[in-house]
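Coordinate analysis (summary)
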Amino acid sequence: MRNNFKWLVSMVSMVLLLSALAFGQETNGSLTGTVKDQNNAVIPNATVKLQGVNVGFSRTLTTNADGVYFANQIPVGQYKVTVTSGNFQPAVKDAIVTIGNTVTEDFTLGTTVGAVVDVTAGDPATTIDTSEAKVQTNITAAQIELLPKGTTFASLLRTAASTRPNEPLSGQYQINGSTGAENSFIVDGQEVSNFRTGALNGNNDIPYQSVRELQIKSSGFEAEYGGATGGVVNVVTKSGTNDLHGEFGVAFGTQKLNGNPRPVLSNSFTGSPTMVGGIGNITTASTGSYVEYLPQNKDAGVNFFPTASLGGSIIKDKVWFYGIYSPQIFEGTRVTNFVSGYPGNGAGRLPIGPGNFVATLPDYVRNQAPTQSSTSKQTNEYAFFRLDASPSDKLRLTASFTWNPIVQKGVYQGGTTVIGTPSFANFGGSVGYLAGSDLASRQGGRQNANNLRFEGVWTPTSKSILGLRYSRGFLNEKLNSYFIPENARIRCRSVAAALAASAGCVAGFQTNGNNFTITKDASVRYTFDADYSYMISSFGGRHDIKGGFTYSRISNDVLDGYKNTGVVSLCYSTTLTLNSVCGGYGAPVTIGTPSVPPAGQTQIGIGWVQRFATSGAAKNTANTLYIQDKWQVNSRLTITAGLRAEKEDLPAFNAGAAGAAAGTPISFGWGDKLAPRLGASFALTSDGKTKLAGFYGMFYDRLKFELPRGSFGGDFFRRDLFPIFPEQQRTLTTLLVRSLATMLIRSAESVLSHRRLRT
């Protein structure tokens, strides 16, 4: 450990001595240009003053002996650039700086002192950064206002040519053909991708009103970016300015203007197709096989999206503030029709009625209506406050806090057509039985989240920059965790007609719709970045040498599932064996010969008990070193070269798991994930509108916690099979009424202690 630390300190020191980067996850851009007179002669020592128009920032520079000024790593936004020099006529331009790009604004100063020449910059979309080989799309706040969008920044991703929404595996975005889990999402330099899946949580899909600029990197991105084999989505939030600005507004959304929902595939059957109860059975082959679709209707309700923001200066040119509150409120009502029966049995689907519940259940449960109305309200909270300070022209400090929980009150009872009965549960005590919409209205959850960030940028000289950043992100994934019964979920999966009287339940009946409880699933991500950059105007051109070090730690503490209660599935038929399929379960192995049934008893079905849980606590660390050089050989040719090295481990949630004795079953050393990057860009014309670029690089995905949670001690999963005889059925009927999981699981385990299937 001590040797590793010494080696790490040596590497960091070497990087700093070699001169390294501006931010590990860039949130800034650069501005450069050449100042000349009317005779095309360069003007050295000219004063260049940058004053933020929609960003709180200012800086004063001077041109070098070649008449070139360079403002490296400045906040993105619009600037007023004023150039003065001796008796030359001053000139003013507006410049728009975007994330990760170098904007060029040249000036020509007149020789006659007079009124200031005010030149408005052209449309930034008409020029490109000819010094970059990477492929990226930048969307500024002004463009966001003009684009069609939803309510969050992710709704803008589809405007990038390389991005395809609704990726099927993770339900998010493909970038350059990658899956949604292979992307990296960054807000103000802080990684916000889900630690377990790599996806973007709704908590961190922030409202577009707070976004200064959105960037989608799809190919050729720099060595400071890792953890993505797809794309990098980079978001920079707004900040205050010297002027007081605010925004107050509201938007609404309604289902009435949306298209009709698609029907849901229920099941496939063989036999004669029929049309019953308005539910369609569509023939799919001449053999007589057909499928059934359950129709779905629109929900009622209105979504509400208010926003209020205010930004300005506390001390002009020194301290600025920006705050926004912009919750997203989704509220609706759904009418659910509960049906039973089977197509092809002559009766078709029939409405659920009191006769479909076990007769011994209380009237409150038995009298549940076949048509239920349930309401749901989900509020995605978002409050953000940011402070920016510039104590001197060389120092800039930033601090921000985001409060973004999701609050869920009430849930829907499935779709608008459901096979089965309304859920119910016995909570005992003063609560007792709850069923249908009364139960659904009390369910929901709360997913707490917040992000904290501190950042400092020091510019000791016009050629060097030192940056430090600390961030902490918290997330506790507890949606759908309220009013979940902590007892067995017992389901009647199938009932043969001849056994309807003895089964004690109808097909589709269940004691409750869900017993997956979430006690906690809290994750904390700490990140520290230390970066440095230096510019060299020699050695065959200008070199922007960059490098840096990043330390990241993720911890997760989880306890959820139904390990101590279980899900029990029952199938009633005299032809079923323990190797048969019951409710979608087919035994993957051959079960031993069943025990001899009780005297005079004939097996009337099979059942199985499933238990699942995720529990444990684990944390991992990831360290990164990178260095790269952007070499501008001349005004048209730029070569970029970089190298990234990562040291990463993946923890075990159970240190005693196979291969995980030390608690780190997977570990990558500094030499295991070396990622070289090499690119070149050549400006075909001098007007900044055409370039030829190429890039080679290696990219490594970041390890996700889904792997150790599922394979290294986090998940518990077990199924126990058992036969059903009439003698045991009397006990099962009682248990269906009482929902006493412990009794049923113990009974099943005692019957099948020698025929246990472990997974």
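Residues numbered from 1 in each chain as written. Predicted model: local features only at pLDDT ≥ 70, side-chain atom pairs only at ≥ 80, totals over all residues. Heavy atoms only, no water.

Some thoughts on the nonpolar core
One finds Phe153, Leu157 and Leu214 to be the most contacted residues of the largest nonpolar core, which totals 24 residues. Sorting the residues of this core by element identifies β13 (184–187), β15 (211–219), β16 (232–237) and β23 (319–325) as the ones contributing at least two each. Of the residues forming this core, the biggest block, 3 residues, is contributed by β15. (Core = buried A, V, L, I, M, F, W, Y, C linked by side-chain atoms within 4.5 Å. Buried < 20%, exposed > 50% of the residue type's maximum accessible area, 1.4 Å probe, protein only. Helix = DSSP H or I, 4+ residues; strand = E, 2+ residues; numbered from the N terminus.)

Points about the side chain of aspartate 529
Tracing the sequence through the fold places aspartate 529 in strand β36 (residues 517–536). Within the structure, the side chain of aspartate 529 is placed 2.7 Å from the side chain of threonine 550, a separation counted as a polar contact. With near-sequence residues (within four places) excluded, aspartate 529 lies in contact with Gly467, Leu468, Arg469, Phe549 and Thr550. (Polar contact = N/O pair within 3.5 Å; in protein donor to acceptor, adjacent residues only side chain to side chain. Contact = heavy atoms within 4.5 Å.)

Remarks on the confidence of the model for the protein chain
Close inspection of predicted coordinates is inappropriate for parts of the model with low pLDDT. Per-chain confidence: the protein chain averages 81 in pLDDT, with 80% of residues scoring 70 or above. Confidence drops under a pLDDT of 50 for residues 657–662, and excluding neighbours within four residues, the segment shows 8 contacts in the predicted structure. Below a pLDDT of 50 lies the segment residues 737–759, which in the model reaches 51 contacts outside its immediate sequence neighbourhood of four places, other chains included. (pLDDT = per-residue confidence, 0-100.)

Comments concerning the packing of aromatic side chains
Counted by the stated rule, this structure contains 17 aromatic pairs. Between tyrosine 322 and phenylalanine 384 the ring centres are 6.4 Å apart and the planes differ by 55 degrees, which places this aromatic pair in the tilted class. With a gap of 62 residues between them, tyrosine 322 in strand β23 and phenylalanine 384 in strand β27 (residues 383–392) connect regions that are remote in the sequence. When its relative accessible area of 5% is taken as the criterion, tyrosine 322 is described as buried. Each member of the aromatic cluster is reached from another via a ring pair, and the members are Phe221, Tyr225, Phe695 and Phe699. The ring of phenylalanine 107 carries the charged tip of lysine 93 above its face, separated from the ring centre by 5.2 Å. The lysine or arginine in question, arginine 334, covers the ring of tyrosine 412, its NZ or CZ lying 4.0 Å from the ring centre. (Phe/Tyr/Trp six-rings, centres within 6.5 Å; stacked < 30°, edge-to-face > 60°. Lys NZ or Arg CZ within 6 Å of the ring centre and 35° of its normal.)

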